Amino acid sequence: MKKICVIGLGYIGLPTSIMFAKNGHEVHGMDVNKKVIEKLSNKELHIEEPGIQEALNEVVDAGNLTFSTEPVEADVFIIAVPTPVAEDKTANLDYVRSGTKSIVPFIKKGDLVILESTVPPRTVEDVMMPILKESSLDVEKDLYISHSPERVIPGKIFQELEGNDRIVGGINQESSEQTKKLYQSFVKGNFHLTDATTAEMVKVIENTYRDVNIAFANELAKISDQIGVNAWEAIKLANYHPRVNIHQPGPGVGGHCIAVDPWFLAELQPEVAKMITLARHTNDEMPAYAVERIQKIARENNIDNPVVALLGLSYKGNVDDMRESPSLKIMEQLNKDGISYTAYDPHIKDIRVPHQVVTLEEALDQADMVVILTDHRVFKEYQPEQIASLMKNKIVFDTKNLLEEDKWRESGFEFIRLGDTKNR
Ligand code: SAJ
């Protein structure tokens, strides 16, 4: 059993704290946000994740997980703080620095310090270790230090924490071994050991690979919009090739990972990382492209001042996370272009943005066009007749290839799909 102190109780830090507490360790969760600490101490949650409430109750009631705004002395310190991208597209490592500084008074010889946050390669070596050296310890000899990146996705965090393979990168072999031993408390996946900088690199290239691949799919969608092809069909057929895995087009790339991590790589060698940067710009231009298509559809239907109902605010299907969501950029552009719209998302219960409404009926009332922006499962179950009865015109623009075209056409809808001009 180890005493573990986790710095940062977000989508990663809190589930990780719970997993260690469930598997025989004594865990103390620290966060600078007093409200988060108050809620968690009362077994209330600030994030939505299947199974997390029961798991939190179990470990808090058992006394294996405590919370405060300060670190405590421990055998292991895990830093899982946010690493947002700044306006200039460089990594903001302020929380990594402050999180590392906060544990300096508490670390002792033989402790293990693990960075879980996604960071530009060389952060452990060039940012964390100089701060840890402010302690009286001989850091290279007295401490075990490693990076073990998170690769779980919201909505499946607990299964993936347990099931996914784990990359572990220590500043030396013993650090890697100690880190692997600790995670073996609950990780059933395989362990892949390397050095800290390589582990940092692995994490950002996993997401950069996806971003570049999605940018390729988005470019195929734009080409297909001009040449009478359904890009979704073409990609599906191409992917039957055993060595082809083209991703899916869409209205843009959201979330705090795929839209962010490539910048962490590009910032190291911006003049070299041309394709990585271009892919980011391609994906970031998709919201404007979606709005251009909305305007074109209105023009083709001779609707001068279209009223648009946007369905989906989350950055991806079946979660309540709006971070970097393409929907937000689409709403901004519609505002700029003076187009009236409402926005509705069954997963986002509280009003967070202008023109957001709480019911589907309000969203659709007198709308000329309904636009699918997020692949929430529940949207597939909507009955077109019911939707049509609320709308002024019956036009549906599907940017996620989610809806069954025939079902909507049979109900009198004009059906348009992003990246698909086949038979148009
Ligand atoms: N998207 C597309 N087309 C696709 C796939 C995704 O447009 O083919 C869009 C989604 O709509 C969304 C965005 O990209 O807006 C990101 O979606 P995602 O599910 O790919 O990414 P995340 O951010 O939810 O999770 C990713 C995952 N990384 C990989 O799959 C390599 C996850 O495993 C990581 O744990 C997570 O980033 C992270 O924490 O880095």
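Residues numbered from 1 in each chain as written. Predicted model: local features only at pLDDT ≥ 70, side-chain atom pairs only at ≥ 80, totals over all residues. Heavy atoms only, no water.

> For this particular structure, what's the right way to read the overall build of the chain?
Counting its secondary structure elements, the chain contains 18 helices and 13 strands. Its C-alpha atoms give the chain a radius of gyration of 24 Å, near enough to 22 Å, the size a compact globule of 424 residues would have. The burial tally for the chain puts 53% of its 424 residues in the buried class. Taking as baseline every contact in the chain between residues at least 6 positions apart, the subset at least 24 positions apart corresponds to 72%. Working note: accessible area of the chain is about 18,700 Å², and carbon and sulfur atoms make up 51% of it. If you average the places of the 47 positive and of the 65 negative side-chain charges in the chain, the two averages end up 2 Å apart. (Helix = DSSP H or I, 4+ residues; strand = E, 2+ residues; numbered from the N terminus. Rg over C-alpha atoms; globule rule 2.2 N^0.38 Å. Buried < 20%, exposed > 50% of the residue type's maximum accessible area, 1.4 Å probe, protein only. Contact = heavy atoms within 4.5 Å. Areas by Shrake-Rupley, 256 points an atom, 1.4 Å probe, with all protein chains shown as cover. Lys, Arg positive; Asp, Glu negative; His and termini not counted. Charge placed at Lys NZ, Arg CZ, Asp CG, Glu CD.)

> Could you clarify how one ought to interpret the sheet that holds strand 8 (residues 191-195) in this entry?
Whenever strands of a sheet pair, they do so through backbone hydrogen bonds, lying parallel or antiparallel. Strand order in the open sheet formed by eight strands is 3-2-1-4-5-6-7-8, with mixed pairing between adjacent strands. If you trace the sheet from one side to the other, it starts and ends with strand 3 (65-68) and strand 8, each paired once. Pairwise comparison of adjacent strand axes, ignoring direction, gives a mean angle of 25 degrees for this sheet. Where strand 2 (residues 26-30) meets strand 3, four bridges bridge the pair, whose relative direction is parallel. Its bridge partner being in strand 3, Gly29 is matched across the sheet by Phe67. Where helix 2 (residues 34-41) meets the sheet, it contacts strand 2 and strand 3, and its direction lies at approximately 150 degrees from that of strand 3. Contacts from helix 4 (residues 94-103) reach strand 1 (3-7), strand 2, strand 4 (76-79) and strand 5 (112-115), with the element oriented near 165 degrees to strand 4. (Pairing = 2+ DSSP bridges. Axes fitted to C-alpha atoms, helices over the stretch in contact; angles between N-to-C directions.)

> Which parts of the structure should I look at to understand empty space enclosed by the protein?
Sizing a probe to match a water molecule and rolling it over the atoms shows the empty space that remains. Tallied over the entire structure, the rule returns two cavities of 30 Å³ or more. When its volume is computed, the largest cavity comes out at roughly 50 Å³. Pro149, Glu150, Arg151, Val152, Glu160, Leu161, Asn164, Asp165 and Arg166 are the residues that line the largest cavity. Per-class residue counts for the lining of the largest cavity are three nonpolar, one polar and five charged. Of the volumes computed, that of the second largest cavity is approximately 30 Å³. In this structure, the second largest cavity is lined by Pro251, Gly252, Tyr315, Lys316, Pro326, Leu373, Thr374, Asp375 and Lys400. Across the lining of the second largest cavity, the residue classes tally to four nonpolar, two polar and three charged. (1 Å grid on protein atoms, 1.4 Å probe; cavity = no way out; pocket = protein on both sides within 12 Å on 5 of 7 lines; lining within 4 Å. Points joined across faces, edges and corners; volume = space filled by probe spheres on them. Nonpolar A, V, L, I, M, F, W, Y, C, P; charged D, E, K, R; others polar.)

> What am I meant to see in the pattern of salt bridges here?
Side chains that differ in charge, positive against negative, can pair when their charged atoms come close. A complete count under the given rule lists 27 salt bridges for this structure. We note a salt bridge from Asp61 to Lys43, for which the minimum N-O separation is 2.5 Å. Placement of the pair is Asp61 in helix 3 (residues 52-61) and Lys43 in the loop between helix 2 and helix 3, with a sequence separation of 18 residues. By relative accessible area, Lys43 is classed as partly exposed at 28%. Measuring nitrogen to oxygen at the nearest pair gives 3.6 Å for the salt bridge that ties Asp75 to Lys108. Taken together, the positions of Asp75 in the loop between strand 3 and strand 4 and Lys108 in the loop between helix 4 and strand 5 put the pair 33 residues apart, joining distant regions of the chain. Judged by its relative accessible area of 27%, Asp75 is partly exposed. Classification of Lys108 by relative accessible area gives partly exposed; the value is 31%. A network of salt bridges, in which partner residues are shared, links Lys296, Glu300, Glu414 and Arg424. (Salt bridge = Lys/Arg side-chain N within 4 Å of Asp/Glu carboxyl O.)

> Help me understand unusual backbone geometry, please; the structure alone is not making it clear to me.
Most peptide bonds are trans, and most residues other than glycine sit at a negative phi. Although it is not a glycine, Lys43 adopts a positive phi angle of roughly 60 degrees. The phi dihedral of Lys89 is positive, around 70 degrees, even though this residue is not glycine. Relative to the helices and strands, Lys89 resides in the loop between strand 4 and helix 4.

> Is there a simple way to think about the pairing of strand 12 (residues 395-398) in this case?
For a regular strand, side-chain orientation follows a simple rule: the groups alternate between the two sheet faces. Going residue by residue along strand 12, you find Ile395 and Phe397 tucked away on one face and Val396 and Asp398 tucked away on the opposite face as well. Taken together, the four bridges between strand 11 (residues 369-372) and strand 12 define a ladder with parallel strand orientation. Across the sheet, Val371 pairs through a bridge with Phe397, a residue of strand 12. In this sheet, strand 13 (residues 414-417) lies alongside strand 12 in parallel orientation, the contact comprising four bridges. By the bridge assignment for strand 13, Phe397 is matched with Ile416. Between strand 12 and its parallel partner strand 13, the chain crosses via helix 18 (residues 405-410), and the hand of that crossover is right-handed. (Right-handed = clockwise from strand over helix to strand, strands pointing away.)

> I'm lost on the site of the ligand in this one. Help?
Near the ligand there are 19 residues, and of these Arg151, Lys203, Asn207, Arg210 and Tyr315 occur at the shortest range. Within the contact set of the ligand, an oxygen atom lies 2.9 Å away from a backbone nitrogen or oxygen of Gly254. For the ligand, whose free accessible area comes to 760 Å², the fraction covered by protein is 85%. Of the residues forming the shell around the ligand, the biggest block, five residues, is contributed by helix 9 (residues 196-227). Its residues assigned to classes, the shell around the ligand shows seven nonpolar, five polar and seven charged. (Near = heavy atom within 4 Å. Polar contact = N/O pair within 3.5 Å; in protein donor to acceptor, adjacent residues only side chain to side chain.)

> I'm lost on the sheet that holds strand 9 (residues 307-311) in this one. Help?
With parallel pairing, the five strands of this open sheet are ordered in space as 10-9-11-12-13. Each of the sheet's edge strands pairs with one partner strand only, and the pair in question is strand 10 (340-344) and strand 13. The mean angle between the axes of side-by-side strands here comes to 20 degrees, regardless of whether they run parallel or antiparallel. Here helix 14 (residues 326-336) sits on the sheet and contacts strand 9 and strand 10; the angle it forms with strand 10, its principal contact strand, is near 160 degrees.

> When you look at the packing of aromatic side chains in this model, what are you seeing that I'm missing?
To describe a pair of aromatic rings, one takes the distance between the centres and the angle between the planes. The full count for this structure, using the stated rule, is five aromatic pairs. Judged by centre distance (5.6 Å) and plane angle (50 degrees), the rings of Phe379 and Tyr382 are tilted. For the residue pair Phe379 and Tyr382, the accessibility class agrees, reading buried in each case. Here a set of aromatic residues connected by ring pairs shows up, and it is made of Phe20, Tyr183 and Phe186. (Phe/Tyr/Trp six-rings, centres within 6.5 Å; stacked < 30°, edge-to-face > 60°.)

These figures come from the coordinates and say nothing about function on their own.
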